[in-house]
Amino acid sequence: MNKTMVKSAAALPLNTILGGDCIDVMNSLPAESVDLIFADPPYNLQLKGQLHRPDNSQVDAVDDHWDQFSSFAAYDQFTKAWLKAARRLLKPNGAIWVIGSYHNIFRVGSALQDQGYWILNDVVWRKSNPMPNFRGKRFTNAHETMIWASKAEGGKYTFNYEALKALNEGIQMRSDWVLPICTGHERLKNEDGVKAHPTQKPESLLHRIMIGSTNPGDVVLDPFFGTGTTGAVAKMLGREFIGIEREEEYRKVAEKRIASVRKFDRDALQVSTSKRAEPRVPFGQLVERGMLRPGEQLLSMNGRHKAKVRADGTLIGDDVKGSIHQVGAKLENAPSCNGWTYWCFKRDGKTVPIDVLRQQIRAEMQA
């Protein structure tokens, strides 16, 4: 491990690829400094011998030294160590995604729970174009599994439900994602024209993860950075990233790749949010700021009822007093009422919903 690299990481090294062992580097970073971790650890595939296609051509399988462990016990020890280091880095409201195959994901899931993480979902990435099973002795391996977990039970975490729903054409996002593996122009090649990394993940996968579980400006750490898919997508989406990669060859490819990425403009980075996630604006603030005056009359959107604004931000109408919600509910003889969508006012002869004023204040708060 290069000691100078670890020392330079004492301050949070945003948008940087750090060399060295991921456990040592993570342990050198400030505690509770990261919003999200995406981890694509070695799968410990335990391949025995070469794999050939029916035409006897050799398959470029994952047989690299970084994927080889002497035993399950050695792999479990490695998993426990990096998950411990990762958990120290997560903010209290942080979360982690770990991807794997049947070779390792069950062992990783057990280790996650043992470390105190709280599993939120397992998500199946179903590959729309998987590699066929050449030997014909098992099912075609057409999916990988991702585990999404918060730092601890009861911990808060980011989940942009509305944004994912919008990404899925208005339908609630399910836990099975059909996305293609890297092919064609997305598959990075080295100087010899050979794929630069055997397990490069598609940008579509990271895009969905970051849209769903981070916000612009969040810090995303990838302890097994490879050729930098996490960093490239983070840069595009206005997130900060920290990459850790032991192999110099992969670091060079990742640096070149990320340098060519353009960040989306600010407007393009905004995503759909639920009403509950938007800043709270009390109705009284409209009165305080003179957007509505005490004594001004509000009308129900259905035209049946009227109420007068009072100086403390309450309403009075037909001997009914209370908040915009309470008065609306009583006038309609309903169990509840959303006053923001129920009431309107007149301006220059036009009917204007009071929610327009709330949105104006929210826009100012977020500017």
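Note that residues are indexed from 1 along each chain, following the sequence as it is written. Only residues with pLDDT of at least 70 are given local features in this predicted model, and only at 80 or more are side-chain atom pairs given and counted; all residues enter the totals for whole chains, interfaces and linings. Side-chain metrics rest on all non-hydrogen atoms present in the structure, leaving aside hydrogens and water.

Looking up the protein in an unreviewed UniProt entry gives the name Methyltransferase, with the organism given as Parasedimentitalea marina. UniProt annotates the protein under Catalytic activity (unreviewed entry) with the comment "a 2'-deoxyadenosine in DNA + S-adenosyl-L-methionine = an N(6)-methyl-2'-deoxyadenosine in DNA + S-adenosyl-L-homocysteine + H(+)". Looking at the protein in UniProt, the text filed under Sequence similarities (unreviewed entry) is "Belongs to the N(4)/N(6)-methyltransferase family." UniProt positions are given in the numbering used here, feature names are shortened, and annotations may be inferred rather than shown by experiment.

Colleague: How would you explain the packing of aromatic side chains if you had to name every residue and give the values?
Modeller: For Phe, Tyr and Trp, rings pair up if their centres lie within 6.5 Å, where Trp contributes its six-membered ring, and each pair is then called stacked (planes under 30 degrees apart), edge-to-face (over 60) or tilted (otherwise). This structure, assessed with the given rule, holds 11 aromatic pairs. Here the aromatic rings of Tyr75 and Phe78 are separated by 6.3 Å at their centres, their planes lie at 50 degrees, and the arrangement is tilted. Taken as a pair, Tyr75 and Phe78 lie in helix H3 (residues 72–89) at a separation of 3 residues, close to a single helical turn. Only protein chains enter the calculation, and the probe is 1.4 Å; a residue is then buried if its accessible area is under 20% of its type maximum, exposed if over 50%, and partly exposed in between. Tyr75 gets classed as buried once you look at its relative accessible area, which sits at 1%. The class of Phe78 is buried, set by a relative accessible area of 17%. These aromatic residues form a ring-pair network of at least three members: Trp97, Trp148, Tyr157, Phe159, Tyr161 and Trp177. Distance and angle both matter: a charge sits over a ring if NZ of Lys or CZ of Arg is within 6 Å of the ring centre and within 35 degrees of the ring normal. Above the plane of the ring of Tyr117 lies Arg87, whose end atom (NZ or CZ) is 5.9 Å from the centre. The ring of Trp177 is capped by Arg208, whose NZ or CZ atom sits 5.0 Å from the centre of that ring. Strands are runs of DSSP state E lasting at least 2 residues, helices are runs of H or I lasting at least 4, and numbering of each runs from the N terminus.

Colleague: Now, about the packing of helix H7 (residues 229–236) against helix H8 (residues 248–259): what can you tell me, with residues and values included?
Modeller: At a minimum axis distance of 9 Å, the contact between H7 and H8 shows a crossing angle of 15 degrees. Taken together, the axes of H7 and H8 are roughly parallel relative to one another. The two elements H7 and H8 meet at a crossing, and its hand is right-handed. Of the residues in H8, those touching H7 at Thr229, Gly231, Ala232 and Lys235 are Arg257, Ile258 and Ala259. Any residue outside Ala, Val, Leu, Ile, Met, Phe, Trp, Tyr, Cys, Pro, Asp, Glu, Lys and Arg is labelled polar, Gly included; the first ten of those are nonpolar and the last four are charged. Split into classes, the residues belonging to the contact of H7 with H8 amount to 3 nonpolar, 2 polar and 2 charged. Fitting a line to C-alpha atoms yields each axis, with helices limited to the stretch in contact; the angle taken between N-to-C directions then spans 0 to 180 degrees. Angles below 35 degrees are treated as roughly parallel, those above 145 as roughly antiparallel, those between 65 and 115 as roughly perpendicular, and all remaining angles as oblique. For a crossing to be left-handed, the near helix must be turned anticlockwise from the far one by less than a right angle; the clockwise case is right-handed. Whether two residues are in contact is decided by their heavy atoms, any of which lying within 4.5 Å being enough.

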